[in-house]
Amino acid sequence: MQIYIHIPFCRAKCKYCAFNSIVAQNDLIDEYVDALCMEIKQSIQTQAVSTIYFGGGTPSILNIKQLSKIVDTLYKDYDLSHCIEFTIEANPGTVNKSYFNDLRKLGINRLSLGVQSFDDKLLHNLGRIHNSEEAIENVKTAVSIFDNVSIDLMYDLPNQTAQILKNTLDTAITLHTQHISIYGLEVEEGTEFGRLQGLGDLKLPDDDESDKMYELITKELPQHGFQRYEISNFAIEGFESRHNLGYWSDTEYLGLGAGAHSYIQSESTFGLRFSNTSNIREYIDGIKSGLDIKITEEILTQKAAMEEFCFLALRKAEGIDLNQFTDKFGVDINCVYSETIDKLKYEGLIDVSNSHIKLNKRGMKYGNYAFAEFLLDP
Ligand SMILES: C[S@@+](CC[C@H](N)C(=O)[O-])C[C@H]1O[C@@H](n2cnc3c(N)ncnc32)[C@H](O)[C@@H]1O
Ligand code: SF4
């Protein structure tokens, strides 16, 4: 069982971000931490925990007292003796050396720092609270304290060129983290970038520049030992995120906190998915008064489970494990998806072997198109 804990608070809202997070006062954060501890106590499952992930929002906005309260509750109520990976997301501008040392003392062994870019102008245009010098300083400190550090970067950003991205990648490589996530910008509704795009005021890189950036990422990172193991994730061998690999490999997870999602397997169905209300006030009041805070609950049909299994597995470089598909669904994948497989093979997006079906480099660029092909008729 994996545990995800959502912290829906940030110092400022970035212009591109649609994640469930708000700018809040410490009083509300205290109330939220108390509710979260109550939810942990109410949620007890018997399985041992393999990974824990504090995501956000900005989990590093919590002070050590608030974080300890949550972590202590987890230690009390769950068997963490087999927990191999304990990650926290942290933002440059909210952390320092003593904070990192305190995180280590809490048992956290992996740090994911949201850097986005090492270009000051871009950082400013994204609405980030830090500049590149602060980010470099924070990454260096993190690497000196943790054995497993990841940074998040972004590409396809407004006014970003392949050359600007190259400078960022070059800097990233010199910092010797073990892991780099790099996401292509998705312009989301409800964000400042979404609004600007609606007005025709968001200047994104053209296809040619975007292709150059993609080529740069997929060439430069592996050249420096970062193997691509998922569409947006690169790691030094042995430092792939176990928690995130779980999401793409049909592993159960329990999501705690406002807007958190869970996936639980069961003998009699193809799995159960549910999620908490993302409204923070509703979440806190609901937990305090013992009300149901779930807003979605779905028992997966075989069709939905097959679709999800395929498009989640296809995110990984190793792709769909054909034996795992047969074991789970009792049917050979070719009996269900032969047309899709032939089509994507013909279009040069997938590679097929006796044991796996995987997206190739071009397929990973057009992942969303390929995933949609795995949707089955109603
Ligand atoms: C859950 S977010 C939060 C991380 C952390 N709060 C931070 O910003 O430093 C994880 C990552 O998703 C990426 N991200 C967020 N919004 C995105 C978007 N609209 N398009 C592409 N990537 C995005 C960013 O790289 C971000 O660091
Ligand atoms: S990118 Fe990170 S810091 Fe920025 S608003 Fe989203 S969650 Fe908060």
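What counts and how
- Residues numbered from 1 in each chain as written.
- Chains lettered and ligands numbered in written order.
- Predicted model: local features only at pLDDT ≥ 70, side-chain atom pairs only at ≥ 80, totals over all residues.
- Heavy atoms only, no water.
- Pairing = 2+ DSSP bridges.
- Helix = DSSP H or I, 4+ residues; strand = E, 2+ residues; numbered from the N terminus.
- Contact = heavy atoms within 4.5 Å.
- Axes fitted to C-alpha atoms, helices over the stretch in contact; angles between N-to-C directions.
- Near = heavy atom within 4 Å.
- Polar contact = N/O pair within 3.5 Å; in protein donor to acceptor, adjacent residues only side chain to side chain.
- Areas by Shrake-Rupley, 256 points an atom, 1.4 Å probe, with all protein chains shown as cover.
- Buried < 20%, exposed > 50% of the residue type's maximum accessible area, 1.4 Å probe, protein only.
- Phe/Tyr/Trp six-rings, centres within 6.5 Å; stacked < 30°, edge-to-face > 60°.
- Lys NZ or Arg CZ within 6 Å of the ring centre and 35° of its normal.
- Bend = angle between axes of the 7 residues up to and from the residue.

Novice: Describe the sheet that holds strand β14 (residues 350-352), with residues and values.
Specialist: Taken together, the three strands give an open sheet; going across it, the order is β13-β15-β14, and neighbouring strands pair in antiparallel fashion. Because the sheet does not close on itself, it has two edges, and the strands there are β13 (320-321) and β14. Each of β13, β14 and β15 (356-359) touches helix α13 (residues 333-346); the most contacted strand, β14, lies at about 130 degrees to it.

Novice: Can you explain the site of ligand 1? Please cite residues and give values.
Specialist: Not every one of the 17 residues close to ligand 1 is listed here, only the nearest: G57, Q116, R128, D152 and E186. Y16 places a polar main-chain atom, nitrogen or oxygen, 3.0 Å from a nitrogen atom of ligand 1. Contacts to ligand 1 include G57, whose backbone N or O atom sits 2.7 Å from a nitrogen atom. Burial of ligand 1 by the protein amounts to 91% of the accessible area it has alone, namely 560 Å².

Novice: Could you give an account of the pairing of β15, with specific residues and numbers?
Specialist: Because side chains alternate across β15, one face comprises the buried residues I357 and L359, and the other comprises H356 and K358, none of which is buried. Where β13 meets β15, two bridges bridge the pair, whose relative direction is antiparallel. When the sheet's bridge partners are listed, D321 is paired in β15 with H356. For β14 and β15, the ladder comprises three bridges, and the chain directions are antiparallel. In the strand pairing of β15, I350 is matched with L359. Counting the residues that bridge the hairpin from β14 to β15 gives three residues.

Novice: Talk me through the packing of aromatic side chains; I want residue IDs and the actual numbers.
Specialist: Overall, the coordinates contain 13 aromatic pairs when judged by the stated rule. Seen from their ring centres, F325 and F329 are 4.9 Å apart, and the 50 degrees between their planes marks the pair as tilted. Of this pair, F325 and F329 both sit in helix α12 (residues 322-329), four residues apart, which is roughly one turn of that helix. Neither F325 nor F329 differs from the other in exposure class; each is buried. The structure contains a cluster of three or more aromatic residues connected by ring pairs, namely F270, F309, F325 and F329. Here R273 stacks its cationic end above the ring of Y263, 4.4 Å away from the centre of that ring. Above the ring of Y214, the side-chain terminus of K365 is found at 5.0 Å from the ring centroid.

Novice: Explain α13 to me, using residue names and the numbers behind them.
Specialist: Three or four residues apart is the spacing at which side chains of an α-helix point the same way, because the helix has 3.6 residues per turn. At E339, α13 is deflected by roughly 50 degrees, the largest bend along its length. Within α13, the full set of buried residues consists of I333, Y337, T340, I341 and L344. Taken together, the buried residues of α13 touch α11 (302-313), β13, α12, β14, β15 and α15 (367-372). Sitting at the head of α13, D332 places a side-chain oxygen 2.7 Å from the backbone nitrogen of N334. Once α13 finishes, G348 follows within two positions and takes phi at roughly 70 degrees, a positive value.

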